[in-house]
Amino acid sequence: MRDVRKTFPGVLALDDVCLELRKGEVHILLGENGAGKSTLMKILSGAYQKNDGQIFLDGAEIEIRNPRHARDLGIGIIYQEFILVPYLKVGENIFLGHEPYLLPGIIDQKRMLQAAQVILDDLGVEIDVRTKVVDLGVGEQQLVEVAKALSIETKILIMDEPTSALTEQEIDVLFAAIGKLKAKGVSIIYISHRMDELFTIGDRVTVLRDGRFVGTHEVNEISRAELIREMVGRELNEQFPKQKAVVGEELLRVEGLSTRGMVSDVSFSLRRGEVLGISGLLGSGRTELASALFGAGKIDSGSIFVRGRHCHIRSPRAAIDLGLGYLTEDRKSRGLILDLSVKDNICLPSVNRFSRFGIMQADREEEAAGRYRRELRIKTPSLNQKVVYLSGGNQQKVILGKWLCLEAEILIFDEPTRGIDVGAKVEIYQLINQLAARGAGIIMISSELPEILGMSDRILVMSRGKIVGEFSSAEATQEKILHCALGEN
Amino acid sequence: MKRREFIIHYGRQFGTLLGLIGLCVVLWILTPHFLTVSNLLNVAQQTSINAIIAVGLTFVIITAGIDLSVGSILAFSGVVLASVLRAGCPIALAMLVGLAVGMMCGLLNGVLISFGRIPPFISTLGMMSVARGSALLYTSGRPISGFSENFRFLATGKILFIPAPVVIMLAVYLIAYFVLNRTKFGRYTYAIGGNEEAAILSGINVKLYKTMVYGICGMLSALGAIILTARLNSAQPIAGMMYELDAIAATVIGGTSLMGGQGSVIGTLIGAFIMGVLRNGLNLLGVSSFFQQVVIGSVIIVAVLMDMALKKQRD
Amino acid sequence: MRTTLLLFTSVVLLAGLAGCGRNRDAETQGPTIALVVKTLNNPFFMDMQRGAEESANRLGVNLIVQAADREVDVERQMQIIENLIQRKVDALCVTPSGTTEIVPAILKANQSGIPVLIVDTRADVEALEKAGGKTATFIGSDNYEGGKIAGAFMVELLGGAGKVAILEGIPGHETGDSRLKGFHESISVAPGIEVVASQTANWERGQGFNVFQNILEANPDIDGLFAANDLMALGAMEAISAAGKTGQIIVVSFDALDEAREAVEKGLMAGTVAQYPKEMGRIAIEYAFKVLQGETIPEYLPVKIELVKKEN
């Protein structure tokens, strides 16, 4: 039994994490979003460098300098997003970057395809290596990724949520392949959210929380309930200055909303003064739901009622005109125009109100932007500062200012505090309170359970595009929500 | 810190302006013919057509697009304008017809790009050929020449002592500056180029505004055609070849980023003048035309290098 | 950082202009005469430049030769002329890129009192008169006459009957138009000769190849080709050889470039009408000098034109 042991003290996202991997085992890595699983794996695969700590491979201490080096050491990784080249053949993809050569610079196509076929056959996968990747299904692509990782001598294979996009059948094929790898003595680190998978293929499980190591257990010696407790494990504290607002009449009602593939048959309502939390794992359809409500994604069926009136929201403009505002999950790529100033960003959706015959009225713009700068305490040297130079928290406030400037009443916050420091978080929460007190309705999507629990009046839990649970703030606990989100009942 | 802020906000234009001034000083030292009122007006007049087309391209490039068809649109709207003039149409009406032709070509570009989802490079490359071919077909390849003095005033006339094309150019720049900095349209232009996704989510009708931007670009090409036709007293179907590259060069030298979201017409004006002054100066000095191409190419590369360095400093 | 960049820019510019300083040192006390040709990428105009340089050296004239990058860029040619006027050259010799388009530039030179000598390609006489412009003289061959010579030669070789294709220059260019007119004039006497295709290849070699390949595709039984210049003819001959028809098609063209003369010598080309661009350049500078001395010169200075064929 050769042991692999890694310690990473002092890393920002990871603090004193230990992981011991045995030969030929499937080791499950478990934790909430942001618990540090991906960071740890990126260090192992050479994408990040550790700041401190030690890594041992086969008993000898090693430094993993870069992804290429990791591969040379026998560490393969399969990311959540595939990195296959769609218009190359399966065999060519498997050997991409380390093709066998006939002469220097000339690829030995025949040998390469044969070798690729052997790898696939060994995995028990029926894919012709001459097929182009673009013609494969998602599950088959996942298996090609596995084959690719195995095309070099692999001792350790890391799989990051490999089943998130697969069907039941495809999962079975993948698990069979994993079984074969195990038999060959390959060690597998398997990152997953799904409890049922853990008990099907896992040998041992390590739980991470907030970048810290919580514990390692033999899978057959621990129950689901215990694992969930370990994953959640923290107390709600005074970070969440929740103030109850008076809940008024209904602002928004959604009935049977479906979008292609990602959201199915979702119904809920939102009242004035209410903060409606939506929880769920990544890929559960939360963001797609928000996009659809805001007219940015296509709606296949279902009805939306705003202030009791049936509305068709076909574009963001239509949504804005109905008084909706959307604070996107990804501020930089979807929320802000980084090269424009604070003032211009705040006023962008409401330009019509600050212009006459298409000509901007600079004084009115400045007055409005100035007002939100004060109200939201946006820290910026001037209104003309480009937002690219602002901190994350202040950028978020600029986006909020943009919707307040429009007097939006239905605000959708998608991960409002992601990447924001603790102080700014509290400020954002206070702003949410103020908005609710003024009679706005707020939908808050978040992966952070404490935030959802601390700030919501009501909580919906989504999983695979559906709403799978609804709790009042009084009855909700992290355990209940997590059970729901993980598909446990 | 003060200095850093200054570089961040105005460094690019300031650098370009300094480059222009430096160039003028060098020419002033090298030849007595450069720094005279008549030569400076001469340069301004020669720069005007490229400068006007470059305004349209500046708008397009700020939206992170490109328009390769401006030269061909210039030729096509020029020959249509000329034929209408020759048919005895009043000057004002003929000019409107010419501008309308250019604008239609541009709008068609815009529709293909916004609604047809064809990349700007491809659709305007297509338009480049279509408009050129149309101009040749329309005229059977022959130039149309001979216009009234009143029409030719647009190129040969002087207002006070300033040549008419220069007055037109300055007017275009004043309007363009106003539009980009003080109007909704301008704000949206920057927003679309800066982050199209965020612009859509801010409720901007991105498709409509993009289409309009290409329409404006086409119309300004047609304005260039009016001046060119008046200047040469002839409209040629093969006019304006490679003008797109000159206009793109002026825009890029002026600091507009091909990635979109950033740029100014003032920079473009300076860029167009750098090219005009260089050509004029090299002619005055009697430098071989082959060498002129080398120099102008180098200036473009230096300008972009400057951009990259400034960006680095910013981050 | 900014300073470094500016320094860098200045160095590049200064280096670029350094070459110019040299030119100025070479200036002598004589008058400055500019020769503006259509382009310098064409051997025809390079020959013209050489002839002009010879005259200039002999007479102690400062010669400036300038051209646009592309032959068809009339606007750029106008800019060059404007800039030379600013530079206060004493006389201008021009081969117009556009016959009517050159008129405004001539007027500007007139206003500044700079005499203009037109070389090779005529300016549009009618438009010039109407605008009240004047030129000192026209130095060039009679292209119409040359076209007639070519046509007569074609009729002779074909024995008065056959299918003929024509490669035209850019429509609207006086030289090309005159050559075509002369050619048509000559072949009209032989009703057995049929023109099956007449298309432009824009004076260019590459286009000559493509266009003639297409013509051959449509009319495989062509007997003769008349190209309005050698470059197009040389391109077309590549197409002929690619089609395996070398020797089967009679090629007559214009300009007698060195390469064309060689082809005639080898029997690949039947004949080419020789113009003497070097002669044109020589005469242009010589007579510009005379104008500046106050002499009166004739308003047409013909340069000899003759057919180059194998027997010569």
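For the structure, check the block above.
A short tour of the structure in this document, coming up.

Calculation criteria
- Residues numbered from 1 in each chain as written.
- Chains lettered and ligands numbered in written order.
- Predicted model: local features only at pLDDT ≥ 70, side-chain atom pairs only at ≥ 80, totals over all residues.
- Core = buried A, V, L, I, M, F, W, Y, C linked by C-beta atoms within 7 Å.
- Buried ≥ 20, exposed ≤ 12 C-beta atoms within 10 Å, placed from the backbone.
- Helix = DSSP H or I, 4+ residues; strand = E, 2+ residues; numbered from the N terminus.
- Contact = placed C-beta atoms within 7 Å.
- Pairing = 2+ DSSP bridges.
- Axes fitted to C-alpha atoms, helices over the stretch in contact; angles between N-to-C directions.
- Nonpolar A, V, L, I, M, F, W, Y, C, P; charged D, E, K, R; others polar.
- Right-handed = clockwise from strand over helix to strand, strands pointing away.

Residues Ile442(A), Leu92(C), Cys93(C), Leu117(C), Ala236(C) and Ala284(C) are the most contacted members of the largest nonpolar core, which totals 340 residues. By residue number, the principal contributor to this core is helix α10 (residues 206-232) of chain B, which donates 15 residues. When residues no more than four places from it in sequence are discounted, the contact partners of Cys93(C) are Ile33(C), Ala34(C), Leu35(C), Leu117(C), Val119(C), Ala284(C), Ile285(C) and Ala288(C).

Moving on to the sheet that holds strand β3 (residues 26-30) of chain A. All names here are of chain A. Strand order in this open sheet of 6 strands is β6-β9-β10-β3-β11-β12, and the pairing throughout is mixed. Edge positions in the sheet fall to β6 (75-78) and β12 (212-218), since each has one partner strand and no second. Taken pair by pair, the neighbouring strands of this sheet meet at an average axis angle of 20°, ignoring direction. Judged from the 5 bridges that link them, strand β9 (residues 156-160) and strand β10 (residues 187-191) form a sheet pairing that is parallel. Its bridge partner being in β10, Ile-158 is matched across the sheet by Ile-189. The strands that helix α1 (residues 37-44) touches are β3, β6, β9, β10 and β11 (204-209); relative to β9, the one it contacts most, it runs at about 145°. Running at roughly 165° to β6, helix α5 (residues 138-150) makes contact with β6 and β9 of the sheet.

Turning our eyes to something else, we now look at helix α9 (residues 286-293) of chain A. The periodicity of an α-helix, 3.6 residues per turn, causes residues three or four places apart in sequence to face the same way. Across the 8 residues that make up α9(A), a large majority, 8, are buried. Taken residue by residue, α9(A) has Arg286(A), Thr287(A), Glu288(A), Leu289(A), Ala290(A), Ser291(A), Ala292(A) and Leu293(A) as its buried positions.

Phi at Arg377(A) takes a positive value of approximately 50°, unusual for a residue other than glycine. Positionally, Arg377(A) belongs in the loop between α13 (362-375) and α14 (392-405). For Met242(B), which is not glycine, the phi dihedral falls at a positive 70°. Tracing the backbone shows Met242(B) in the loop between β4 (234-235) and α11 (243-253).

The interface of chain A with chain B comprises 22 residues on the first partner and 19 residues on the second. If you list the elements that add at least two residues to the side of chain A that touches chain B, you get α10 (316-321), α11 (331-335) and β20 (359-360) of chain A. When grouped by side-chain class, the residues that make up the side of chain A that touches chain B number 13 nonpolar, 5 polar and 4 charged.

To continue, consider the pairing of strand β5 (residues 137-140) of chain C. Residue and element names in this part refer to chain C. Relative to β5, strand β4 (residues 116-119) runs parallel, the two being bridged by 3 bridges. Bridging from a neighbouring strand, Leu-117 pairs with Thr-137 of β5. For the segment spanning β4, helix α5 (residues 125-131) and β5, crossover handedness is right-handed. Strand direction decides the pairing type here: β5 and strand β11 (residues 300-302), joined by 3 bridges, are parallel. Of the residues in β11, the one forming a bridge with Gly-140 is Pro-302.

The values are spatial; any link to function lies outside them.
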